[in-house]
Amino acid sequence: GEERWWSISGRPANAGEGSLVQFRGVISDVSAEKQAEARVRHMAHYDGLTGLPNRLFFNNALSRMISDPVTLQRMVLLLVDVDHFKMVNDTLGHPIGDQFLRAVSSRLIECVTRSGLGGEGHVVARLGGDEFAITMAGEDVVDHAIRLADHLVEVMKEPYLIGGHQIVSGVSIGIAIAPYDGESAETLQRNADLALYCAKDSGRGCWERFEIGMDVAIRERHAMERDLRAALASDEMRLFFQPLVDVNTGGHSGFEALLRWESEERGMVMPGDFIALAEETGLILPIG
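Residues numbered from 1 in each chain as written. Predicted model: local features only at pLDDT ≥ 70, side-chain atom pairs only at ≥ 80, totals over all residues. Heavy atoms only, no water.

Read across the sheet, five strands follow the order S4-S5-S3-S8-S9 without closing on themselves; strand pairing throughout is mixed. Strands with a single pairing partner mark the edges of an open sheet, and in this sheet they are strand S4 (123–128) and strand S9 (207–209). Here the strands of the sheet are splayed against their neighbours by 20° on average, with no regard to which way each runs. Alignment of strand S3 (residues 75–82) against strand S5 (residues 131–137), held across seven bridges, turns out to be antiparallel. Bridge pairing in S5 places Leu79 opposite Ala133. Of the strands in this sheet, S3, S4 and S5 touch helix H5 (residues 94–115), which is tilted by about 15° from S5. (Pairing = 2+ DSSP bridges. Helix = DSSP H or I, 4+ residues; strand = E, 2+ residues; numbered from the N terminus. Axes fitted to C-alpha atoms, helices over the stretch in contact; angles between N-to-C directions. Contact = heavy atoms within 4.5 Å.)

So this is what it looks like as structure tokens:
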């Protein structure tokens, strides 16, 4: 049956015969209060949408793991980001988006469970939005984590059927390995996040392991985004017109408009160097 909790308070009354002592007091059923406390604790540590551990639970678990000298020597953090989730929300609406995230969560758990790679430090959490995290610890954990990342990249791109809509997505994954990529929870998460950023920058639907120098590449990308915004305000974009020639007649059949960024700092920047960034940041609209 249902677990019950009772609160008992009392004090000795008159002594009975022999060694028997009588007590007088109150017994109260406090099951409702205890159940409410349990619900509050659960809500504080678990995600309401997917039922997975939330960011608070995950951060606490990661801190405990990395503070253990044994676990620290054999631990991997994977940050998993759902590709194109914003497009799902924008085109199909938030209710479908929520159902989609629940389906992603279920498939993620199924992949990790079936892989048998969880080990003693296995935690899967939803950090918020479309970002999930996995910690793994144990023998040969690096090999296990890479095999899991390969498996997730392949399985998570299979179509989802949500509310009559077929959704094709995928995941990008950033991997950081302790103690090489960080000996604190903050450093390990930051470096896994840098690796995730590079995975998304590489075209998404892939995984990257943190490498020294990734932070330099990210800073350069942010600098280019800043300069590109300034370039739009300063009218540094130029159109060059290349004639199209009809090979049969030798005459001009039209012109192709080619965009160039004429930067004071960077010189002539070609489209291949900034168009992808413009599309990702939304700057492609004012450029257009």
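Now that the structure has been shown, the text picks up again.
Below, the discussion takes up the side chain of Asn89. With respect to the helices and strands, the residue Asn89 is situated in helix H4 (residues 85–92). Among residues more than four places away in sequence, those in contact with Asn89 are His94 and Gly97.

Of the strand pairs in this sheet, strand S10 (residues 237–245) and strand S11 (residues 252–263) are connected by nine bridges, and their pairing is antiparallel. Following the sheet pairing, Gln242 is matched in S11 by Glu256. Taking the residues between adjacent antiparallel strands as the criterion, S10 and S11 are bridged by six residues, where Gly250 takes a positive phi near 80°. Between the antiparallel neighbours S11 and strand S12 (residues 267–269) lie three residues.

The next point concerns the pattern of salt bridges. Counted under the stated rule, the structure contains eleven salt bridges. Note that Lys157 is salt-bridged to Glu154, the shortest N-O span being 3.4 Å. In this structure Glu154 comes out as partly exposed when scored by relative accessible area, which is 45%. Salt-bridge contacts for Asp227 lead to Arg226; the nearest nitrogen and oxygen are separated by 3.4 Å. Overall, Arg226 belongs to the exposed group, its relative accessible area being 53%. Within the structure, one salt-bridge network assembled from shared partners comprises Arg226, Asp227 and Arg266. (Salt bridge = Lys/Arg side-chain N within 4 Å of Asp/Glu carboxyl O. Buried < 20%, exposed > 50% of the residue type's maximum accessible area, 1.4 Å probe, protein only.)

Just distances and angles here, no functional claims.
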